[in-house]
Amino acid sequence: MTVAKGDGGGRVTHVPSAGTSASDEIERARRDMLHEGRMQKRTRIGADVLCEALVRQGVDVFFGYPGGVILPLYDVLGDYPELRHILVRHEQGAAHAADGYARATGRVGVCLGTSGPGATNLVTGIGNAQLDSIPIVAITGNVPGALLGKDAFQEIDITGITLPITKHNYLVRNADDIALVLAEAFHIARTGRPGPVHVDITKDALQGETRAQHPDEETVVAGLPGFRPTLDGHPRQLRTIAQEIAKARRPLILAGHGILIAEAEEELRELAEKAGIPVTWTLLGIGAIDETHPLAYGYMGMHGWKHVNRAIQSADLLIALGMRFDDRVTGNVKTYAPHARIVHVDIDPAEIGKNVAVDVPVVGDVRRVLRSLLPLVEPVDRETRATYLGQLAEWRLESEGSSWHGSGTWRTGLLSADYVLEQIGEANDHDATMVADVGQNQMWTARYAGYRRPKSHLSSGGLGTMGYGMPAAMGAALGRPDKTTWAIVGDGGFQMTIQELATLVQDDIPVKIALLDNRKLGMIRQWQELVYAGNYHSSEMVGPDYLKLADAYGIPAWKATRPGEVRPAIEAANAVDGPALVWFEIASEQNVFPMMPAGKGLSDLLEELEEQL
Amino acid sequence: MSGDIAAGPVPARPIPGSGETRRHVLVAVVQNRTGVLNRVASLMRARDFNIESLSVSHTDSEDVSRMTITIHGDEFHVEQATKQLYRLIDVLKVQDVTDEPTVQHELALVKVRATDRNRGEIVSIVEMHRARVVDLAPESVVVEATGTEVEVDALLTLLRGYGIRELVRTGAVVMARGSGSIEEATKR
Ligand SMILES: Cc1ncc(C[n+]2csc(CCOP(=O)(O)OP(=O)(O)O)c2C)c(N)n1
């Protein structure tokens, strides 16, 4: 094991916000003086209303970056010590951090940027939140109202840009409107199917004097007559589900993100236990059930477990709970689950029947639906399911056995990624918040770390955004300081948002980074090997000496190249109070198997070749 | 897969949107907030819905507008369009009125080439079609016609013989027959 020179000695001492408790006190006193002095002198402006609104919504930390038109906000921010502002290094980092905060806590995350480039830098993160139904409120400044549409400096039609990638968006031109719009924005972001809401506020609205009061929730709801999500499942449909379950011989539950959003984990487990139904999960459904539960069967889809996909293909009833039959989950829809009747529960009616035709559609909040469903379901004893569950267990043994690199190394002698992930999971008692980046690292994270609690696995599912991992982990770590947070990143994705290392240091955010360095864009290389006949164009990737890099930032770092170094390095990183990095030099050519080639069905999985084992 | 159920060929699972397509008419009642037309149009484009016409107008209530959307697709596809429209915060009510008894009318204004010799002839064609002349000039007349698309088409076919210099059609606006009201019905 190599340790970074200096081992982080002298780290962060030069950073003002992470100082000693004495300096904390001075800082607090300074803020108090500032607050009193300023509030006496000045009137209440739009920027104050914005801060008040954030405080009222219970925002304790948010992520942003200043610029010309948003400066009125930064000018008053010091008066609101309840609001901790994290200065990121790039607005994309702010949006992902808000997203990570929201996923880890279930609360609304907030990010902020200036007009023009600040706003466009947020776009990737907003799109990421939209595709994964993450409640964030993204706030941008815009040029003064009189300059709108004049191509003023740093003016861009940002609400035009975010319109199709948000749940809703606003352009606010008047200080008096800020209170209501913010209240609506938070309500919309978290209610029903969650999603990002973007609020663009002109500079003069931020500066304008106002006496507008903050509306209560009732007023907000009354003002949104077009937004009334259906929460309770139709009673007739619930009875139908109970009948379907009673008839089924090979039922299977597909647990999605909706279970975590609705916090329906208890109800899911009860249903599984009462009717003896094995539970499988989507990428974002990881954590819906404790993976050690006897009925927890595994992760489905393109890089899911073979036994899971096999169970889906042979099921006679699929009970889909809060998931959306994404193409990464179904493969070719024509050959998907050919024997199964499908029950689909989702809070968004538009998801039902969108990708697959379903037999029993139910619109509602999955927790409330399951609560009303449970009493209607006839208990099924293990005896009845014995043959079925026995067969599933056999398949599982076979598929897990064939994809496990128990020795910790891959054929080139370098580390195997599955081993690393297994060790990280174990070293943290499967209780850390694991935040994946995108690519092979993401699939290994999903498959091998082992999850026992909800919201302990964060992953960019719908958009598949490289560069998501580290900034999202930043938000997760701040949202759940009681849990250890690990970011699992590939060398490609890490280098996309590597600038946030400085943010981790400045604000002393204790993210542990596991860099799975294969010196490749691994997932691209894998496709080139398996789909493009080994034509490896542009998948080779040079990176820096990550120990020197970490040292330059003052982050303690370790390097592991052999199995024996893996666990000690993880534990060393865990023992550090602040951020830490472990550089795992893994095999370059290890693939994620099984793999369902794009356009193929779940029964057409590519598996590892004998000579690669 | 040995040991799995049901040997033998299994029919392919139907793909939503692969059924028989036809023209559907949707009526959407929306909150009259800035950008709502943009939201609807953007959604239709982004989700690849094939719209033929979209008309917007005021209603009797100041804060509510009404859209008539004609769209091509099968039942699934059109239902999907309806559901996606509902996801927009400003949309209050959407109804597919294709199979309901409705009045579907449009308005056309036509500027027809006319001379002293044929003006009388044109006027009588117009009157026969229950349209009317709303402007007379030395070399043209402006005709206003309302009716179903088929009725307006029929009149235009005849007027084309004289030379159409300008034409504007609103596209159909639709209202269900009977005393029910889409606008009064609450969302969903
Ligand atoms: C922003 C972005 N650009 C491109 C891609 C396409 N892409 C998916 S995986 C991948 C390779 C990722 O390489 P690396 O980060 O090293 O992770 P690995 O697959 O090696 O674990 C690429 C380029 C993407 N998902 N996101």
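Above: the structure in question.
Computed from a predicted model, the values in this text were never measured in an experiment.

Peer 1: Any chance you could explain the overall build of chain B here in plain terms?
Peer 2: Helix and strand counts for chain B stand at four helices and nine strands. Seen in sequence order, chain B has helices and strands lined up from the N terminus as β-α-β-β-α-β-β-α-β-β-α-β-β. Computed over its C-alpha atoms, the radius of gyration of chain B comes to 22 Å, more than 25% above the 16 Å expected for a compact globule of 188 residues. A principal-axis box enclosing the C-alpha atoms of chain B has dimensions of 90 × 45 × 30 Å.

Peer 1: Could you clarify how one ought to interpret the site of the ligand in this entry?
Peer 2: Residue and element names in this part refer to chain A. Taken together, 17 residues surround the ligand, and among them Q440, G464, G492, G493 and G522 come closest. Q440 has a polar backbone atom sitting 2.8 Å from an oxygen atom of the ligand. Note that an oxygen atom of the ligand is positioned 2.7 Å from one of the backbone N or O atoms of G493. Contributions of two or more residues to the shell around the ligand are made by α18 (440-448), α20 (491-496) and α22 (522-530). The element contributing the most residues to the shell around the ligand is α20, with four residues.

Peer 1: Explanation requested: empty space enclosed by the protein in the structure shown.
Peer 2: Over the atoms rolls a probe the size of a water molecule, and in doing so it shows where empty space is left. All names here are of chain A. According to the stated counting rule, one finds two cavities of 30 Å³ or more in the structure shown. Here the second largest cavity defines a volume of roughly 40 Å³. Forming the boundary of the second largest cavity are G425, H430, D431, A432, M434, A449, G450, Y451 and S456.

Peer 1: How do you make sense of the packing of helix α17 (residues 417-427) of chain A against helix α24 (residues 563-575) of chain A when you look at a structure like this?
Peer 2: How two helices sit against one another is set out by the angle between their axes and by the gap between those axes. Residue and element names in this part refer to chain A. Relative orientation of the contacting elements α17 and α24 amounts to 40°, with a least axis distance of 10 Å. Judged on the interaxial angle alone, α24 and α17 are oblique. Relative to α24, the crossing made by α17 is right-handed. Within the contact between the two elements, α17 uses Y419, V420, Q423, I424, E426 and A427 and α24 uses P563, V566, R567, I570, E571 and N574.

Peer 1: I keep staring at the packing of aromatic side chains and nothing clicks. Help me out?
Peer 2: Where two aromatic rings form a pair, the distance of their centres and the angle of their planes describe that pair. All names here are of chain A. Overall, the coordinates contain four aromatic pairs over all chains when judged by the stated rule. Centre to centre, the rings of F325 and Y336 are 6.0 Å apart; their planes meet at 80°, and the pair counts as edge-to-face. In this pair, F325 is assigned in the loop between β11 (317-321) and α14 (327-330) and Y336 in the loop between α14 and β12 (341-346), connecting sequence segments eleven residues apart. Residue F325 shares its accessibility class with Y336, and that shared class is buried. Ring plane angle 40° and centroid distance 5.9 Å describe the contact between F494 and Y546, whose orientation is recorded as tilted. Residue F494 is located in helix α20, and its partner Y546 is located in helix α23 (residues 546-553); the two are separated by 52 residues in the primary sequence. Ring pairs connect the aromatic residues F494, Y546 and W583, which therefore count as one cluster. Here R447 stacks its cationic end above the ring of W305, 3.9 Å away from the centre of that ring.

Cut-offs applied
- Residues numbered from 1 in each chain as written.
- Chains lettered and ligands numbered in written order.
- Predicted model: local features only at pLDDT ≥ 70, side-chain atom pairs only at ≥ 80, totals over all residues.
- Heavy atoms only, no water.
- Helix = DSSP H or I, 4+ residues; strand = E, 2+ residues; numbered from the N terminus.
- Rg over C-alpha atoms; globule rule 2.2 N^0.38 Å.
- Near = heavy atom within 4 Å.
- Polar contact = N/O pair within 3.5 Å; in protein donor to acceptor, adjacent residues only side chain to side chain.
- 1 Å grid on protein atoms, 1.4 Å probe; cavity = no way out; pocket = protein on both sides within 12 Å on 5 of 7 lines; lining within 4 Å.
- Points joined across faces, edges and corners; volume = space filled by probe spheres on them.
- Axes fitted to C-alpha atoms, helices over the stretch in contact; angles between N-to-C directions.
- Parallel < 35°, antiparallel > 145°, perpendicular 65-115°, else oblique.
- Left-handed = near helix turned anticlockwise from the far one by under 90°.
- Contact = heavy atoms within 4.5 Å.
- Phe/Tyr/Trp six-rings, centres within 6.5 Å; stacked < 30°, edge-to-face > 60°.
- Buried < 20%, exposed > 50% of the residue type's maximum accessible area, 1.4 Å probe, protein only.
- Lys NZ or Arg CZ within 6 Å of the ring centre and 35° of its normal.

None of this, on its own, says anything about what the molecule does.
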